[in-house]
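Architecture at a glance
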Amino acid sequence: MNRKGIIIVVSGFSGAGKGTIMKALTAKYDRYALSISATTRDPRPGEENGREYFFVSNEEFEQLIRDNGLIEHAGYVNHYYGTPRKFVEDKLAEGKDVILEIEIQGALQIKAQYPDAVLLFVMPPSAAELKKRLAGRGTETAEVISQRLNRAKEESVGIENYDYIVINDDLDKCVDKVHEIMDAAHNAPSRNLDFINTIRKELNEL
Ligand code: ADP
Ligand code: 5GP
């Protein structure tokens with residue numbers, strides 16, 4: 001069975017629970033590697049440089065772009081966010097499925113460069129629950145929360161570009177659902193051509 005790594009793009013409205021799901025998924029299964037993005041936004045309380053993000057200045061971010069050090073990047077609510085190239089390439093080569101928790105502009109850049117990537121969109125069970133989670137997280141001001149809810153409206157237009165939606169109602173069920181989708185992805189004929197060709201050859205030799 002083919003175990004080549006697959007890129008998993010995970011998007012979803014801010015507050016839908018992407019970070020929570022990915023933390024639980026990587027804790028439960030060691031097949032996944034979570035990419036750490038670079039960003040120019042400030043760390044939230046409790047966030048550490050090199051753990052949630054690489055927190056960099058505008059100048060450092062622009063240098064990363066010039067050095068071709070990012071496989072994608074985008075602007076989101078007044079800041080830059082981007083995916084460092086080396087980690088993704090190294091982990092795919094090791095056979096890990098690499099999770100990119102990124103927004104839609106980045107997701108589309110990834111699909112164009114890696115058509116084999118699986119694009120997931122995490123949905124809250126309702127808009128009211130999304131607002132409740134964003135406020136409940138307590139990490140943003142009322143103004144930023146309202147910017148993010150407006151951004152959610154814009155992003156909802158792009159959901160059809162994704163391969164699957166996953167609804168984050170019960171966290172454990174949602175984590176298992178993501179894992180099932182990735183299991184199924186590994187079984188696509190296009191990802192198992194070596195195995196298929198081996199069987200074909202064996203059949204010819206019977
Ligand atoms: P995102 O990474 O998508 O912005 P977070 O993972 O930070 O979202 O989750 C936003 C808030 O919602 C957090 O306070 C988190 O604890 C909570 N949350 C996440 N998943 C669930 C869930 N299934 N049920 C209830 N609350 C959740
Ligand atoms: P936050 O500030 O809440 O951590 O993230 C804001 C948004 O930026 C989220 O939608 C998140 O998925 C997205 N994001 C985080 N890292 C990246 C990245 O490397 N590239 C892109 N395009 N988006 C990112």
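Below or above, wherever it landed, is the structure these notes cover. (Residues numbered from 1 in each chain as written. Chains lettered and ligands numbered in written order. Predicted model: local features only at pLDDT ≥ 70, side-chain atom pairs only at ≥ 80, totals over all residues. Heavy atoms only, no water.)

**Section: the sheet that holds strand 3 (residues 37-39)**
- In space, the four strands of this open sheet follow the order 4-3-6-5, with mixed pairing throughout. Each of the sheet's edge strands pairs with one partner strand only, and the pair in question is strand 4 (53-55) and strand 5 (70-76). Ignoring strand direction, the axes of neighbouring strands in this sheet form an average angle of 25 degrees.
- Taken together, the three bridges between strand 3 and strand 4 define a ladder with parallel strand orientation. Opposite T39, over in strand 4, you have F55 as the bridge partner.
- The strands touched by helix 3 (residues 85-93) within the sheet are strand 5 and strand 6 (79-84), with strand 6 carrying the most contacts at an inclination of about 30 degrees. (Pairing = 2+ DSSP bridges. Helix = DSSP H or I, 4+ residues; strand = E, 2+ residues; numbered from the N terminus. Axes fitted to C-alpha atoms, helices over the stretch in contact; angles between N-to-C directions. Contact = heavy atoms within 4.5 Å.)

**Quick look at the packing of aromatic side chains**
- For the coordinates displayed, the defined rule picks out seven aromatic pairs.
- When the centroid spacing of 6.3 Å and the interplanar angle of 80 degrees are considered together, the rings of Y29 and Y32 count as edge-to-face.
- An angle of 75 degrees between the planes, with centres 5.1 Å apart, marks the rings of F121 and Y162 as edge-to-face. You can see F121 sitting in strand 8 (residues 118-123) and its partner Y162 sitting in the loop between helix 6 (142-156) and strand 9 (164-167), a full 41 residues away along the chain.
- Judged by its relative accessible area of 1%, F121 is buried.
- An aromatic cluster of at least three residues, connected via ring pairs, comprises Y53, F55, Y76 and Y81. (Phe/Tyr/Trp six-rings, centres within 6.5 Å; stacked < 30°, edge-to-face > 60°. Buried < 20%, exposed > 50% of the residue type's maximum accessible area, 1.4 Å probe, protein only.)

**Observations concerning the site of ligand 1**
- What surrounds ligand 1 is a group of 14 residues, the closest being G15, K18, T20, R137 and N168.
- A distance of 2.8 Å separates an oxygen atom of ligand 1 from a polar backbone atom of G15.
- One nitrogen or oxygen atom from the side chain of R133 is found 3.3 Å from a nitrogen atom belonging to ligand 1.
- Relative to its free-state accessible area of 570 Å², ligand 1 is covered by the protein chains to the extent of 73%.
- Elements that contribute at least two residues to the shell around ligand 1 include exactly helix 1 (18-28) and helix 5 (127-137).
- Ranked by residue count, the leading element in the shell around ligand 1 is helix 1, at three residues.
- Considering only residue class, the shell around ligand 1 consists of three nonpolar, six polar and five charged. (Near = heavy atom within 4 Å. Polar contact = N/O pair within 3.5 Å; in protein donor to acceptor, adjacent residues only side chain to side chain. Areas by Shrake-Rupley, 256 points an atom, 1.4 Å probe, with all protein chains shown as cover. Nonpolar A, V, L, I, M, F, W, Y, C, P; charged D, E, K, R; others polar.)

**Digging into the sheet that holds strand 7 (residues 97-101)**
- Spatial strand order, 2-7-1-8-9: five strands in an open sheet with parallel pairing. Two strands bound the open sheet, and with one partner strand each, they are strand 2 (32-34) and strand 9. Pairwise comparison of adjacent strand axes, ignoring direction, gives a mean angle of 30 degrees for this sheet.

**Considerations on the pattern of salt bridges**
- Applying the stated rule across the entire model yields 21 salt bridges.
- Close ionic contact of D176 with K28 constitutes a salt bridge, the shortest N to O distance being 2.8 Å. Residue D176 is found in helix 7 (residues 171-186), and its partner K28 is found in helix 1; the two are separated by 148 residues along the sequence.
- The shortest N-O distance in the salt bridge between E129 and R133 comes to 2.7 Å. Within this pair, E129 and its partner R133 are both found in helix 5, separated by four residues, close to a single helical turn. (Salt bridge = Lys/Arg side-chain N within 4 Å of Asp/Glu carboxyl O.)

**Observations regarding the pairing of strand 1 (residues 7-12)**
- Most of strand 1 is tucked away: six of the six residues are buried.
- Burial of strand 1 is two-sided: the residues I7, V9 and S11 facing one way and the residues I8, V10 and G12 facing the other way are all buried.
- Here strand 1 pairs with strand 7 via four bridges, running parallel. Within strand 7, the position partnered with I8 by the bridge is I99.

**Some details on helix 6**
- The first and last C-alpha atoms of helix 6 sit 21 Å apart over 15 residues, in line with the 21 Å expected at 1.5 Å per residue.
- Of all the residues in helix 6, the buried ones are I145, R148, R151, A152 and E155. What you see down the axis of helix 6 is that its buried residues fit within an arc of 120 degrees, all on one side. Opposite the packed face of helix 6, turned more than 90 degrees from it, sit the exposed residues A142, E143, K153 and E154.
- Buried residues belonging to helix 6 abut strand 1, strand 5, strand 6, helix 4 (104-113) and helix 5. (Expected span 1.5 Å × (residues − 1). Arc of directions from axis to C-beta.)

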